Amino acid sequence: MRKQIVAGNWKMNNDLAQTEALLTDLKKLEQTSGAEVMVAPTFTNLYHAFESLKNSSIEVIAQNMHFADKGAYTGEISAGMLKSIGIKTVILGHSERREYFNETDETLSKKVDTALANDMRVIFCFGEQLHDRKSGNHETVVEQQIKNALFHLEASSFQNIVLAYEPVWAIGTGETASPEQAQDMHAFIRASLAKQYGNDVADATTILYGGSCKPGNAKELFSKPDVDGGLIGGASLVAEDFFAIVNAF
Ligand code: PEP
């Protein structure tokens, strides 16, 4: 059976004291589902969060990294740096990275290669804009994003790839894709994987939904057969809300 995952993307929120408070709250909560749980604090708090959650079942992951191993890339962080503090999973391709930091399918493809070469697991994000959905192009756009960044990989690499479908129009807007829209897209993505790599890879790959997933809608979204969990932004900043989503399976 494929893994169910709920990952919290804290984005550029929480200074050290706020991070400490959220970590303390998270550690008090009881997990009743079998999902893997992850949180992605900002870089300055990664090591602290890693140490704090070391003996818990919550994995600390990174929000981004550079494709180069080291060098003159002011402001950037390498896979080796992340690994040196115990981080084994990285989110790549978030729509905010694509939109505000000009990340392209080409750069992302390099980042994916670097992460995998460093034995890291990748949560690869993609999703259509509102105009793509309105014009009925959403499947074409999504398939292209996945193809461009991932379809050069060997089938075995997919053991370390988690996909996160995040329609851009649903991120931080309060507007969620309906469970049916999410299921239709996830089934389409799985079919694309099956076409390229066969059913074994397609069936084993975890596909998360992201975009205004909240305690109130998580259960219905996660009940869909191809929705294997969520990448959670806003609701992951409140421990009780995040755990209500974790326990929604
Ligand atoms: C995200 O940024 O990955 C996300 C899903 O955000 P939100 O849950 O706030 O829509």
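As the structure is a computational prediction, the values presented were derived from the model and not from experiment. (Residues numbered from 1 in each chain as written. Predicted model: local features only at pLDDT ≥ 70, side-chain atom pairs only at ≥ 80, totals over all residues. Heavy atoms only, no water.)

K.L.:
An account of the site of the ligand is needed here, citing residue identities and associated values.
P.N.:
Surveying the vicinity of the ligand reveals 13 residues, the closest of which are Lys11, His94, Glu166, Gly172 and Ser212. One nitrogen or oxygen atom from the main chain of Gly234 is found 2.8 Å from an oxygen atom belonging to the ligand. If the ligand stood free it would expose 300 Å²; the protein chains cover 97% of that surface. (Near = heavy atom within 4 Å. Polar contact = N/O pair within 3.5 Å; in protein donor to acceptor, adjacent residues only side chain to side chain. Areas by Shrake-Rupley, 256 points an atom, 1.4 Å probe, with all protein chains shown as cover.)

K.L.:
How would you sum up unusual backbone geometry? Please name residues and give values.
P.N.:
The phi torsion at Lys11 lies on the positive side, around 50 degrees, for a residue other than glycine. At Asn14, a residue that is not glycine, the phi angle is positive and equals roughly 80 degrees. Counting through the fold element by element, Asn14 comes out in the loop between β1 (5–9) and α1 (16–28). (Helix = DSSP H or I, 4+ residues; strand = E, 2+ residues; numbered from the N terminus.)

K.L.:
So what's going on with helix α7 (residues 138–150)? Which residues, and what values?
P.N.:
Between its first and last C-alpha, α7 extends 18 Å over 13 residues, near the 18 Å set by a 1.5 Å rise per residue. Regarding α7, the residues found buried are His138, Val142, Glu143, Gln145, Ile146, Ala149 and Leu150. An end-on view of α7 places all buried positions within 155 degrees of arc, on one side of the element. For α7, the elements touching its buried residues are α4 (95–100), α5 (105–117), β5 (121–126), α6 (130–134), β6 (161–165) and α8 (179–197). (Expected span 1.5 Å × (residues − 1). Buried < 20%, exposed > 50% of the residue type's maximum accessible area, 1.4 Å probe, protein only. Arc of directions from axis to C-beta. Contact = heavy atoms within 4.5 Å.)

K.L.:
Kindly report on the pattern of salt bridges, identifying the contributing residues and their values.
P.N.:
Counted under the stated rule, the structure contains 16 salt bridges. A salt bridge links Glu51 to Lys54; the shortest N-O distance between them is 2.9 Å. The exposure class assigned to Glu51 is partly exposed, which follows from its relative accessible area of 34%. Ionic pairing is found between Asp105 and Arg98, a salt bridge with its closest N-O pair at 3.1 Å. As far as the burial class goes, Asp105 and Arg98 line up, both buried. Via salt bridges that share partners, Arg2, Arg190, Asp226 and Asp228 belong to a single interconnected network. (Salt bridge = Lys/Arg side-chain N within 4 Å of Asp/Glu carboxyl O.)

K.L.:
Hey, could you go over the pairing of strand β8 (residues 229–232) for me, with residue numbers and the actual values?
P.N.:
On β8, burial covers both faces: Gly229 and Leu231 on one face and Gly230 and Ile232 on the other are all buried. Summarising the sheet, β1 and β8 pair through four bridges and their orientation is parallel. Looking at β8, one finds that Val6 is bridged to Gly230. Bridge count for strand β7 (residues 207–210) against β8 is two bridges, and the pairing is parallel. Note on β8: the bridge partner recorded for Tyr209 is Gly230. Handedness of the β-α-β unit built from β7, helix α10 (residues 215–222) and β8 comes out right-handed. (Pairing = 2+ DSSP bridges. Right-handed = clockwise from strand over helix to strand, strands pointing away.)

K.L.:
Any chance you could break down the state of the cysteines for me, citing the residues and the numbers?
P.N.:
A complete count under the given rule lists zero disulfides for this structure. Of all cysteine sulfurs in the structure, the one in Cys213 sits closest to Cys125, which takes part in no disulfide; the separation is 14 Å. Under the relative-accessibility criterion, Cys213 is labelled buried at 3%. (Disulfide = S-S within 2.5 Å.)

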